[in-house]
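# Descriptive analysis of the structure
One-letter residues, chain by chain:
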Amino acid sequence: MAQPDNVPLVATDRVRPANRLETPDRWEQERPAELASLRAPVGPRFGATGPDLGFGLKLARRFAERAVVGADEHRDDVVAGCFASGCRRSSHFHRAPTIYDMEWAFTLWGYMAGAPADLVEWRKGLFAGTSHDYSRQRALVDLIPENLLKLSPRDLQARLADWSSWFPGRREH
């Protein structure tokens, strides 16, 4: 807003050249920890990002009501592990999680009716404590082969009898 003519200006009210910023020099990326590309780093324990993953947690909790959970398993561990697995699938397709991602995750780990007994026994050690330990969640998700991410929940259910071939390096926990 312009200063009215009838209001006197004091010298300190005027813009001084010392307050003007200089034009910045050319910037270069020199620090070693800065990402050089627009792709996020990949590898074990890095995880996968996607939009609206928090909604996936709501879906996992809703789907957990239908899950067949063993007497010595905790529903919170099941939700945490299946949420992380379902979000891995949704981020593989570069989209937000859907109820089908959670159905896929609960099917993969044998939390739906009709799961093989040896899968149910093996998963107990994998899921124990996942609700309290982020590194256990990441380790669980890292076990999932990438070719399984493309299967629909129905196709996964149809192939569930052959689950041990999906995890060839599995060991008892």
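For the structure, see preceding data.
Note on numbering: residues in each chain are counted from 1, in written sequence order. Totals for whole chains, interfaces and linings use all residues, but because this is a predicted model, local features are given only for residues with pLDDT of at least 70 and pairs of side-chain atoms are given and counted only at 80 or more. Computation of side-chain values: all heavy atoms of the structure, hydrogens and water removed.

Only DSSP runs of H or I with at least four residues qualify as helices, and only runs of E with at least two residues qualify as strands; both kinds are numbered from the N terminus onward. Within the chain, the secondary structure is distributed over six helices and zero strands. What you see in the chain, going N to C, is helices and strands ordered as α-α-α-α-α-α. For a compact globule the rule gives 2.2 Å times the number of residues to the power 0.38, and the radius of gyration it is set against comes from C-alpha atoms. Compactness check: the chain gives a C-alpha radius of gyration of 27 Å against a globular reference of 16 Å for 173 residues, more than 25% above the reference. C-alpha atoms of the chain, sized along the principal axes, occupy 90 × 35 × 30 Å.

Turning to unusual backbone geometry, a few remarks are in order. One non-glycine residue, Asp 52, lies in the positive phi region at around 55°. Here Asp 52 shows up in the segment before helix H1 (53-64). With a phi angle near 60°, His 94 is a residue other than glycine that sits in the positive phi range. Summarising the element assignment, His 94 is placed in the loop between helix H2 (75-92) and helix H3 (99-108).

All right, on to the layout of surface pockets then. A pocket here means an open set of points on a 1 Å grid, computed over the protein atoms alone, that has protein on both sides within 12 Å along at least five of seven lines. A cavity is instead a set of points where a 1.4 Å probe fits but cannot get out; residues with an atom within 4 Å of a point line either one. Grid points are joined across faces, edges and corners, and a volume is the space filled by probe spheres set on the points. If you add up the space inside the largest pocket, you get close to 710 Å³. Together, 21 residues line the largest pocket, and Pro 41, Val 42, Gly 47, Ala 48 and Thr 49 are the ones closest to its centre. At the level of secondary structure, the elements contributing two or more residues to the lining of the largest pocket comprise H2 and helix H5 (134-142). When residues are grouped by polarity, Ala, Val, Leu, Ile, Met, Phe, Trp, Tyr, Cys and Pro land in nonpolar, Asp, Glu, Lys and Arg in charged, and all others, Gly among them, in polar. Each residue belonging to the lining of the largest pocket can be placed in one class, and the counts come to eight nonpolar, seven polar and six charged.

At their nearest, the axes of H2 and H5 sit 9 Å apart, and the two run at 50° to each other. Accordingly, the angle class assigned to the pair H2 and H5 is oblique. For the crossing formed where H2 meets H5, the hand is right-handed. For the pair H2 and H5, contact is made by Ala 80, Gly 81, Ala 84, Ser 85 and Arg 88 and by Gln 137, Leu 140 and Val 141, respectively. Class assignment for the residues of the contact of H2 with H5 results in four nonpolar, three polar and one charged. Interaxial angle, 0 to 180 degrees, is taken between N-to-C directions of lines fitted to C-alpha atoms, where a helix line uses only the stretch in contact. With respect to orientation, any angle under 35 degrees is reported as roughly parallel, any angle over 145 as roughly antiparallel, any angle of 65 to 115 as roughly perpendicular, and every other angle as oblique. Throughout, a crossing is termed right-handed when the near helix is turned clockwise from the far one, and left-handed when it is turned anticlockwise from it by less than a right angle. The contact criterion used throughout is that any non-hydrogen atoms of two residues lie within 4.5 Å.

Now for the packing of aromatic side chains. Stacked, edge-to-face and tilted are the three classes for Phe, Tyr and Trp ring pairs, Trp counted by its six-membered ring, which pair at centre distances within 6.5 Å; planes under 30 degrees apart are stacked, over 60 edge-to-face, the rest tilted. One pass over the structure, following the stated rule, counts nine aromatic pairs. Between Phe 63 and Phe 106, the ring centres sit 5.1 Å apart and the planes meet at 45°, which makes this aromatic pair tilted. Here Phe 63 is found in helix H1, whereas its partner Phe 106 is found in helix H3, with 43 residues between them in sequence. Buried residues are those whose accessible area, probed at 1.4 Å on protein chains only, stays under 20% of the maximum for their type, while exposed residues exceed 50% and partly exposed ones sit between those limits. On the basis of relative accessibility, which here comes to 1%, the residue Phe 63 falls in the buried class. Geometrically, the ring pair formed by Trp 109 and Phe 127 is edge-to-face, given 5.6 Å between the ring centres and 75° between the ring planes. Pair noted here: Trp 109 is in the loop between H3 and helix H4 (117-127) and Phe 127 is in helix H4, with a separation of 18 residues, a long-range link. The pair Trp 109 / Phe 127 is uniform in exposure class, with both members buried.

The subject of this paragraph is H4. Looking at H4, one finds that the buried residues are Leu 119, Trp 122, Arg 123, Leu 126 and Phe 127. Taken around the axis of H4, the buried residues stretch over an arc of 130°, which confines them to a single face. Looking at the packing, one finds that the buried side of H4 touches H2, H3 and H5. Looking one or two places after H4, you find Gly 129, whose phi comes out positive at around 85°. Relevant arc is that of directions from the helix axis to the C-beta atoms, nothing else.

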